[in-house]
Amino acid sequence: MRIKGKGLIDRSRSIPFMFDGVRYSGFEGDTLASALLANGVRLMGRSFKYHRPRGVLTAGSEEPNALVTVGSGASQEPNVRATVQEIYAGLEACSQNRWPSLNFDLLAANDLAAPFLGAGFYYKTFMWPKSFWEKVYEPIIRRAAGLGALSGQDNVDKYERAWAFCDLLVIGAGPAGLMAALVAGRAGADVILADEGSRMGGRLLAETYEIDGKPGHVWVDEVQAELEAMDNVRLMTRTSVAGVYDQGTYAALERVHHHDGRHPHGAPLETFWRIVAKRSVLAAGALERPVAFRDNDRPGIMTAGAVRAYLNRWGVSAGKNVTVFGNTDDIHRTARDLLAAGVHVAAVIDSRHDAPLSDDYPVLRGAQVCGSSGRKGLEAITVRRPSGEERIQTDCLAMTGGWNPSVHLTCHMNGRPTWRRDIAAFVPTPGAVPGMVPAGACNGSFSTAACLREGIAAAGEALADLGVKLPEVAVPEAEDTPYEIAQLWAVPGKGRAWLDFQNDVTVKDVKQAAVENFRSVEHMKRYTTQGMATDQGKNSNVAALAVLADATGRGISETGTTTFRPPYAPVSIAAIAAGAEGRGFRPQRFTTSHKASVARGAPMIEAGLWYRPSYFPKPGETTWRQSCDREVRMVREAVGVCDVSTLGKIDIQGPDAGAFLDFVYTNMFSTLKVGRVRYGLMLREDGYVMDDGTTARLGQHHYLMTTTTAAAGDVMKHLEFVHQGLRPELDVCFASVTEQWAQFAVAGPKSRDLLNGLLEKPLSDEEWPFMACGPVKVLGVEGRLFRISFSGEHAYEIAVPARYGASLFDILAERAEALGGGPYGMEALNVLRIEKGHITHAEIHGRTTAFDIGMGRMVSQKKDCIGKTMSERPGLEEEGREQLVGLKPVGESKQLLAGAHLYNEGAEPTRVNDQGYVTSVCYSPTLGHMIGLGFLADGPERHGETVKMVDGLRGVTTLCKVVDPVFFDPEGGRVRG
Amino acid sequence: MDKLIAKNPCEGLLPLTIGSVTLTEEEPGVMTALAPYKGKEKDLSAALKAAHGMAYPAPNRATGKAGSRAVWFGHGQAMLMGPAPDASLAEHATVVDQSDAWAVVWIEGEGVEDVLARLVPVDLRPAHFKRGHTVRSLLFHMTASITRVGDRAFQIMVFRSMAETLVHDLKTAMEGVAARG
Amino acid sequence: MRITCPYCGERDRREFYYRGAATDLDRPAPDAGEEAWENFVFLRENPAGVTRDLWYHEGGCGAWVVVTRNTVTHEVLETRLASEARS
């Protein structure tokens, strides 16, 4: 029911919206909850477990009942709090957790079964038969209990992440927060003021308080205008600070477009902020707690603060004939506000025996509400007085059990709040978060004047550390009513009295937990599920533990609270991960030949962040194997071209470059001649192989190291560690030049012919023997040439500055084609190297030593190196170690599979009989059968033996002959020829 | 006779204007990584001044001006951008050609700091990050070099191979900022 | 979490790669014996309190940094360049 003349809504702007398919209208400034109440809609949801009809309980982000689904299809958003959702033209919201409709919910039958559904019911009820849990019980429970549903479609909305920095973060823009921001802003500090509401002011918008003789909201507008004019202050509305992390990092969720339903191109629905603040003021306010009494969950029963907020901020009376119940003076304020607005107040039920009386409304002192009645909405309450019980007709009960300071953020870094008996509430423990100062209601100071005072003081305290001095500020005039409370948690009596509305946890459930010895508050929480829903117990925690304290005969302070963890309010995963979906998942690295490879139809495969061509299909080729086999033959018989730019290239220079390389490689590099390349092996300090590659000596103090594509980053990190951490005395510098050079392997008997057309001087074996390197001119451009080979053929790698990469690839590919060759991809590259027994990270997978891969002699005995000492451990060189071998099928099955295990021919394929495993396999078009590399116990001594390969997963057994890992051209004549 | 044709890292991707912010590719000229030998930082700085008119930059700073800059590039390293390095530098430092290794872009306009705040975990607002300041940091998932080159202008460098991701990430952030109006 | 890089100043933790205990800097001589090497490669303290560990400013300047921090309070007490930490 809308009250004339009340509220901060814009009545000139009527806004249509839909709820459960019915069209309503509200005003600019309304939330969905206020607009529905104005339209007389009280029933907004069904409870989690019992499907009890529920209306709105609060007016803020802590709302446990009025959760709705907004929108439909891909952008459907479940569990939106109607108290937070602002209305806009075209808003479509639906109630949740009901079938077939909110009004008639078949699962409300659960409520009748309530005696069987108490705390821990599923631990007890669904024990037998065991198999029924997964198949029957769990699906039924999941269907019956729950909140809203996701659409199941990809989210089409855009989310965003951003960083912000400030000296002072003020959390909450009520009187304390506004005052803190104002004085800090005037002092010139770099301030961010964040508030979860659509409008700044906090409780000042919901009450009829005056500040300096002006209505509270007018004062708010004035302060806000002053703050907006300051360059050093940033105001963030609709922004909930949700988490506090180490060294002054705060997480905040900004709801950018939920309130208007607009989707301008590129606009985020939400922005997830990481705010780095040197200091912060917590001015998060307080949350009002309900009182537990029988059937206190009927639509129409809500917190007194919410009733005042709907009246004063939104001009809506939550009822026509209101009763008020509680234990502080807030109930009288509620009655006065309602009466002033012309709403009938049937009775004020004050649990305190010394409650103030009034001439304007009946006050029942020392009385308690002990029950309610009404179908789908409140119709009457039962009041218990020393003289007996009486029934009072009412359509709205405003209740208060006192206020809980919002201490949550002070607990995110393991702080525990302190119990204050005088206000019957927990307050922040000083110093709980380094650099954070609480002020106002969240600090247990509830009067407006106290909030304003503490806001100034907190800003002063926070900024003093930063050397910022605050200007003298007069504290504005405001009410300074003392807070007097008589503890009231649960009204004794039969029936179910709700503590946690969202998770349907009653006083009885908590008591039962205590009886069953779940006496720790953390155990009680898990057993009853109290505090585990989207409101995270904001409405119920303190009352629940008060009931537990009573049931276990302990004090509240001794009982303690459960742990408050981030986020304070729900944060969508989409916002936390914003931008990291699709192409934003990780950077894509493209070689200079990428476009040309794609144009030739090559499927691109990921190699770390890089994309590399798998194979280059020719017309008529229908499988990858056909292309791959052709490319292998092409390299063996003519010439192939392959982009190898993705391999890590590290430029190493300095007077101590040679000494440094001797220390990181197992073999010697200081003795390498200028103009020559050497294969090197790197170990980890534990003696296992880390990476391999070739290193060229380009000058006296100048080397160029090549790493594998996969390990490039790790090797750079390793080199920097060894230099900075272990050998800082060495004068040596590294620079990654991976991106500077586009490098192509040109491999095959006709490789020299191909290159001779591009280079200034023709190549000769005398000047360019195997493992030679040096500068060359490539079509007039300064480049580098390395005579190295991964394929086992006469081959080169040619490098030019990356700007010429695309162009050089095209030229190389075309010329190779003219010679009967062409470009080849990763599949062929892999076959070529397996045929030659060359290892990759399939073999140096982190559990193999130089000894295992047959390179034990590469660990130089003339010097120390990383990993050398540990590589000499007896266990790493003893008999029985699995060592590198080649495998070829000799039996009926011709199939080899990587990952399969090896057994002696007659042995059962069991773990104890395991002899080794297969790491790399391929079909060799050169040899005409499959070949494989693997590790076999004492392998090098077993060449010629037959072993059994068993792939248990794919059910393949193949007899293999153990052979030398170099299948093709073992003498190496071709690379030198 | 075939001829090698040069291509820029961001070819076909830029320029781009969204809202008040413009993203363009910069052609920085020669780029040379300079890493002073042990104890040679002062000598290198003197040689740089003599040959190119700018000092070796302190950490987080860039020296020189548009077209001829030395940008601090991390632990023991600076990037000389613009002129071909004078031979005298090699006496005091390792000199590595990096002209082709980096995609270099300029991002400029009203709200450019808001765009970068969506990607870079460092405070780049004018009061804290002035002209001549530079950082090595992250741009979303990529390591980057970011230098303020004007009141509302930054130079951003990432590995050449990541040019497409750079433009993708900046474009997304530019759209988000522009949509706020 | 934020770590102060000796070169770059205070930065978010995401710019850093974590390696482990700073004892990695105390590499024994090759002939120091099995026990010293086993300690160096495999054994680590797991203190509730002050600890020293190695972080690499990978998303920044490339410096290896020794961070002294408290695992209980999460305070970062000191940061130094690894290249200078042993002297």
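Residues numbered from 1 in each chain as written. Chains lettered and ligands numbered in written order. Predicted model: local features only at pLDDT ≥ 70, side-chain atom pairs only at ≥ 80, totals over all residues.

Quick word on the overall build of chain A
Then comes step 1: Along chain A, the regular secondary structure elements total 23 helices and 50 strands.
Then comes step 2: Relative to the compact-globule value of 30 Å for 977 residues, chain A shows a C-alpha radius of gyration of 38 Å, a clear excess of over 25%.
Then comes step 3: Principal-axis analysis of the C-alpha atoms gives chain A an extent of 115 × 70 × 55 Å.
Then comes step 4: Out of the 977 residues belonging to chain A, those deemed buried represent 56%.
Then comes step 5: Sequence separation of 24 or more characterises 66% of the internal contacts of chain A that already satisfy a separation of 6 or more. (Helix = DSSP H or I, 4+ residues; strand = E, 2+ residues; numbered from the N terminus. Rg over C-alpha atoms; globule rule 2.2 N^0.38 Å. Buried ≥ 20, exposed ≤ 12 C-beta atoms within 10 Å, placed from the backbone. Contact = placed C-beta atoms within 7 Å.)

Quick word on the overall build of chain B
Then comes step 1: When helices and strands are tallied, chain B shows 3 helices and 11 strands.
Then comes step 2: Here the C-alpha atoms of chain B give a radius of gyration of 17 Å, agreeing with the 16 Å that 2.2 N^0.38 yields for 181 residues.
Then comes step 3: Dimensions of chain B along its principal axes, counting C-alpha atoms only, are 55 × 50 × 25 Å.
Then comes step 4: Here chain B holds 181 residues, and 56% of them are scored as buried.
Then comes step 5: Relative to all contacts within chain B whose residues are 6 or more apart in sequence, the contacts with residues 24 or more apart total 61%.

Remarks on the UniProt feature "domain: Aminomethyltransferase C-terminal" (unreviewed entry) in chain A
Then comes step 1: Sequence positions flagged by UniProt for "domain: Aminomethyltransferase C-terminal" (unreviewed entry) are, in local numbering, residues 883–969 of chain A.
Then comes step 2: Each end of residues 883–969 of chain A is marked by a C-alpha atom, and these two atoms are 21 Å apart; helix forms 0% of the span and strand 49%. (UniProt positions renumbered as here; feature names shortened; annotations may be inferred.)

Observations concerning the pairing of strand β38 (residues 702–707) of chain A
All names here are of chain A.
Then comes step 1: With 5 of its 6 residues buried, β38 lies for the most part within the structure.
Then comes step 2: Alignment of strand β35 (residues 648–653) against β38, held across 6 bridges, turns out to be antiparallel. Its bridge partner being in β38, Asp 651 is matched across the sheet by Leu 704.
Then comes step 3: Pairing of strand β37 (residues 689–699) with β38, which is carried by 4 bridges, proceeds in the antiparallel orientation. (Pairing = 2+ DSSP bridges.)

Observations concerning the interface of chain A and chain C
Often the size quoted for an interface is simply the accessible area lost on bringing the parts together.
Then comes step 1: At the interface, 17 residues of chain A touch 18 residues of chain C.
Then comes step 2: At the level of secondary structure, the elements contributing two or more residues to the side of chain A that touches chain C comprise α18 (712–726) and α22 (868–871) of chain A.
Then comes step 3: Broken down by element, the side of chain A that touches chain C gets its largest block of residues, 6 residues, from α18(A).
Then comes step 4: A per-class count over the side of chain A that touches chain C returns 5 nonpolar, 5 polar and 7 charged. (Nonpolar A, V, L, I, M, F, W, Y, C, P; charged D, E, K, R; others polar.)

Quick word on the domain arrangement of chain B
Residues and elements named next belong to chain B.
Then comes step 1: Segmentation of chain B into domains returns domain 1 (16–27 + 100–179) and domain 2 (30–97).
Then comes step 2: Placing a centre on the C-alpha atoms of domain 1 and another on those of domain 2 gives a separation of 23 Å.
Then comes step 3: Elements with a contribution of two residues or more to the side of domain 1 that touches domain 2: β9 (134–139) and β10 (142–150).
Then comes step 4: Its residues assigned to classes, the side of domain 1 that touches domain 2 shows 3 nonpolar, 5 polar and 1 charged. (Domains from an automatic or database assignment.)

Comments concerning the packing of helix α10 (residues 507–515) of chain A against helix α11 (residues 521–528) of chain A
The description of two helices packed together rests on the angle between their axes and the distance between the axes.
Residues and elements named next belong to chain A.
Then comes step 1: For the pair α10 and α11, the least separation of the axes is 10 Å and the interaxial angle reads 120 degrees. Taken as axis vectors, α10 and α11 run oblique relative to one another. Crossing of α10 against α11: the hand is right-handed. Across the interface between the two elements, Asp 509, Val 510 and Ala 513 of α10 pack against Met 524, Tyr 527 and Thr 528 of α11.
Then comes step 2: Along the lines of polarity and charge, the residues of the contact of α10 with α11 split into 4 nonpolar, 1 polar and 1 charged. (Axes fitted to C-alpha atoms, helices over the stretch in contact; angles between N-to-C directions. Parallel < 35°, antiparallel > 145°, perpendicular 65-115°, else oblique. Left-handed = near helix turned anticlockwise from the far one by under 90°.)

Quick word on the UniProt feature "domain: GCVT N-terminal" (unreviewed entry) in chain A
Then comes step 1: Feature annotation in UniProt assigns "domain: GCVT N-terminal" (unreviewed entry) to the following positions: residues 594–863 of chain A.
Then comes step 2: Annotation note: span residues 594–863 of chain A, helix share 27%, strand share 27%, distance between end C-alpha atoms 43 Å.

A closer look at the sheet that holds strand β32 (residues 604–607) of chain A
All names here are of chain A.
Then comes step 1: Read from one edge of the open sheet, 3 strands run β31-β33-β32, paired in mixed fashion. Only two strands of the sheet have a single neighbouring strand rather than two, namely β31 (589–590) and β32.
Then comes step 2: With 4 bridges joining them, β32 and strand β33 (residues 610–613) adopt antiparallel strand pairing. Looking across to β33, one finds that Met 604 is bridged to Pro 613.

Concerning the environment of Thr71(C)
Residue and element names in this part refer to chain C.
Then comes step 1: Inspection of the secondary structure puts Thr 71 in the loop between β5 (64–70) and β6 (76–81).
Then comes step 2: Taking the C-alpha atoms as reference points, Thr 71 and Asn 46, 25 residues apart in sequence, are found 9.3 Å from one another.
Then comes step 3: Residues in contact with Thr 71, not counting those within four places in the same chain, are Pro 47, Ala 48, Gly 49 and Thr 51.

Concerning the interface of chain B and chain A
Then comes step 1: Taken together, the contact between chain B and chain A spans 39 residues of the former and 41 residues of the latter.
Then comes step 2: For the side of chain B that touches chain A, the elements supplying multiple residues, two or more each, are β3 (30–36), β7 (93–97) and α3 (163–179) of chain B.
Then comes step 3: Tallying contributions element by element places α3(B) first for the side of chain B that touches chain A, with 9 residues.

Regarding the environment of Glu45(C)
Residue and element names in this part refer to chain C.
Then comes step 1: Counting through the fold element by element, Glu 45 comes out in the loop between α1 (34–42) and β4 (50–56).
Then comes step 2: With 8 C-beta atoms counted inside 10 Å, the residue Glu 45 sits in the exposed group.
Then comes step 3: Taking the C-alpha atoms as reference points, Glu 45 and Gly 59, 14 residues apart in sequence, are found 28 Å from one another.

Some words on the packing of α10(A) against helix α12 (residues 541–552) of chain A
Residue and element names in this part refer to chain A.
Then comes step 1: Axis separation between α10 and α12 bottoms out at 9 Å; the angle between their running directions is 45 degrees. Relative to α12, the element α10 is oriented oblique. As for the relative orientation of α10 and α12, their crossing is right-handed in sense. Side by side, α10 and α12 meet where Val 507, Val 510, Lys 511 and Ala 514 of the first sit next to Ala 544, Val 547, Leu 548, Ala 551 and Thr 552 of the second.
Then comes step 2: The residue inventory of the contact of α10 with α12, partitioned by class, reads 7 nonpolar, 1 polar and 1 charged.

Some details on the sheet that holds strand β1 (residues 10–19) of chain A
Residue and element names in this part refer to chain A.
Then comes step 1: Read from one edge of the open sheet, 5 strands run β2-β1-β7-β5-β6, paired in mixed fashion. Strand pairing shows two members of the sheet lacking a second neighbour, β2 (22–28) and β6 (77–81), which therefore form its edges. Looking at each pair of strands side by side, their axes are set apart by 40 degrees on average, direction ignored.
Then comes step 2: Where β1 lies against β2, 7 bridges are found, and the strand directions are antiparallel. In the strand pairing of β2, Phe 17 is matched with Tyr 24.

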